[in-house]
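# Observations on the model geometry
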Amino acid sequence: VLAIFQPKLLAGRKLLITAGPTFEPIDPVRGITNLSSGKMGFAIARAAREAGAEVTLVAGPVHLATPRGVTRIDVQSAQQMFDAVLPLAPAQDLFVATAAVADWRPAQSSAQKIKKDGSGSAPSIAMCENPDILASVAALPAPPFCVGFAAESENLAAHARAKRLRKKVPLLVGNVGPATFGQDHNALLLVDAEGEREIPHNDKQSLARELIADIARRLNAKQ
Ligand code: CTP
Ligand code: CA
């Protein structure tokens, strides 16, 4: 009953979020990508909108419906995601990077399909590094409150602590359990300057609501 008199936690706030994988073309019919369903990012976008935020969701190639009231921008490659995010970032209160961005792309992508030459040999694909979207936003002169994500295959807490410092973000969220890709349940490890705490195993929408409540508390404490 009391809840209806409470102002929404993120009312009047602007939140920008990346989600899903990126796809880096080799030629018109092939590419490299990362494993990510985008479910956690979409769940966070939905939870932020429910909490009253104005939400912009920059999504890589995923098969998910846009949460109600959320502005969605679809991209394919890391460079396209970077180009969509950076101009919007300075006006945001919050930036949440859940996307599984491909770290490298083919240095050249062929305009035509690469054909087998019949010799039995395979082409080598030279790669170059993609821009780091989260680190670039965090390095803006007046950055939004930045939240990074990390999916690690081992030593989650140690990697998450190191990654938080390397990216210079106040909060880094680790996916607990290695194989969360595409699943509807997960647990989260929140790492900040003070230490860490876990949001226990739950469905992704419940985790997203808890995470948004936590982030809103940090933002409202800051101002
Ligand atoms: N990220 C990003 N742009 C990139 C790479 C990563 O914005 N080019 C973001 C991810 O969305 C995530 C965070 O940075 O929020 C950490 O991504 P992760 O891949 O775990 O870290 P990396 O710095 O790429 O390190 P590594 O993959 O070697 O562990
Ligand atoms: Ca990476």
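- As annotated in an unreviewed UniProt entry, the protein chain is Coenzyme A biosynthesis bifunctional protein CoaBC from Roseateles oligotrophus.

## Some words on the side chain of Asp-214
- Tracing the backbone through its elements, the reader meets Asp-214 in helix H5 (residues 204-222).
- Reaching out from Asp-214, the side chain makes a polar contact with the side chain of Arg-197 at a distance of 2.9 Å.
- Among the polar contacts made by the side chain of Asp-214, one reaches the side chain of Arg-218 at a distance of 2.5 Å.
- The residues touching Asp-214, leaving out its near neighbours within four places in the chain, are Leu-171, Leu-190 and Arg-197.

## Focus on the UniProt feature "binding site: CTP" (unreviewed entry) in the protein chain
- Listed under "binding site: CTP" (unreviewed entry) in the UniProt record, and renumbered for this structure, are Asp-103, Lys-113, Pro-131, Asp-132, Ile-133, Leu-134, Phe-149, Lys-163 and Lys-167. What stands out for the annotated residues spanning 65 residues is how far apart their C-alpha atoms range, the widest pair being 37.7 Å apart.
- For Lys-113, the residues in contact, after removing those within four places along its chain, are Asp-27, Pro-28, Val-29 and Arg-30.
- Within the secondary structure, Pro-131 is located in the loop between strand E8 (127-129) and helix H3 (133-138).
- When residues no more than four places from it in sequence are discounted, the contact partners of Pro-131 are Gln-79, Phe-82 and Arg-105.

## What to know about the coordination of the calcium ion (ligand 2)
- Looking at the calcium ion (ligand 2), one finds its protein donor set to be Asp-103 (OD) and Asp-103 (OD), positioned 2.5 Å from the metal centre.
- With respect to the element layout, Asp-103 can be found in the loop between strand E6 (94-97) and strand E7 (104-106).

## A word on the environment of Arg-13
- Looking at the element boundaries, Arg-13 is found in the segment before strand E1 (14-19).
- On the basis of relative accessibility, which here comes to 13%, the residue Arg-13 falls in the buried class.
- For the pair Arg-13 and Ile-125, spaced 112 residues apart in sequence, the C-alpha separation works out to 43 Å.
- Looking at Arg-13, its side chain comes within polar contact range of the side chain of Asn-220, at 2.9 Å.

## Section: the packing of helix H1 (residues 39-50) against H5
- It is at 8 Å that the axes of H1 and H5 come closest, and there the two elements cross at 50°. The orientation of H1 relative to H5 falls into the category oblique. Between H1 and H5 lies a crossing whose hand is right-handed. Taken together, the residues of H5 that come into contact with H1 (itself represented by Lys-39, Met-40, Ala-43, Ile-44, Arg-46, Ala-47, Ala-48 and Glu-50) are Lys-204, Gln-205, Leu-207, Ala-208, Arg-209, Leu-211 and Ile-212.
- In the contact of H1 with H5, the residues fall into nine nonpolar, one polar and five charged.

## Description of the pattern of salt bridges
- Counted under the stated rule, the structure contains 13 salt bridges.
- Between Asp-93 and Arg-13 there is a salt bridge, with the nearest N and O atoms lying 3.9 Å from each other. With Asp-93 in the loop between helix H2 (78-88) and E6 and Arg-13 in the segment before E1, this residue pair connects regions lying 80 residues apart in the sequence.
- By relative accessible area, Asp-93 is classed as partly exposed at 25%.
- Between Asp-27 and Arg-30 there is a salt bridge; the shortest N-O distance is 2.4 Å.
- A cluster of three or more residues bridged by salt bridges with shared partners is formed by Asp-192, Arg-197, Asp-214, Arg-217 and Arg-218.

## Quick notes on H2
- For H2, the full list of buried residues reads Ala-78, Met-81, Phe-82, Ala-84, Val-85 and Leu-86.
- Packed against the buried residues of H2 are E1, strand E2 (23-27), strand E4 (54-59), strand E5 (71-74), E6 and H3.

Cut-offs and rules
- Residues numbered from 1 in each chain as written.
- Chains lettered and ligands numbered in written order.
- Predicted model: local features only at pLDDT ≥ 70, side-chain atom pairs only at ≥ 80, totals over all residues.
- Heavy atoms only, no water.
- Helix = DSSP H or I, 4+ residues; strand = E, 2+ residues; numbered from the N terminus.
- Polar contact = N/O pair within 3.5 Å; in protein donor to acceptor, adjacent residues only side chain to side chain.
- Contact = heavy atoms within 4.5 Å.
- UniProt positions renumbered as here; feature names shortened; annotations may be inferred.
- Donors = N, O, S within 2.8 Å, 3.2 Å for Na, K, Ca; no water.
- Buried < 20%, exposed > 50% of the residue type's maximum accessible area, 1.4 Å probe, protein only.
- Axes fitted to C-alpha atoms, helices over the stretch in contact; angles between N-to-C directions.
- Parallel < 35°, antiparallel > 145°, perpendicular 65-115°, else oblique.
- Left-handed = near helix turned anticlockwise from the far one by under 90°.
- Nonpolar A, V, L, I, M, F, W, Y, C, P; charged D, E, K, R; others polar.
- Salt bridge = Lys/Arg side-chain N within 4 Å of Asp/Glu carboxyl O.

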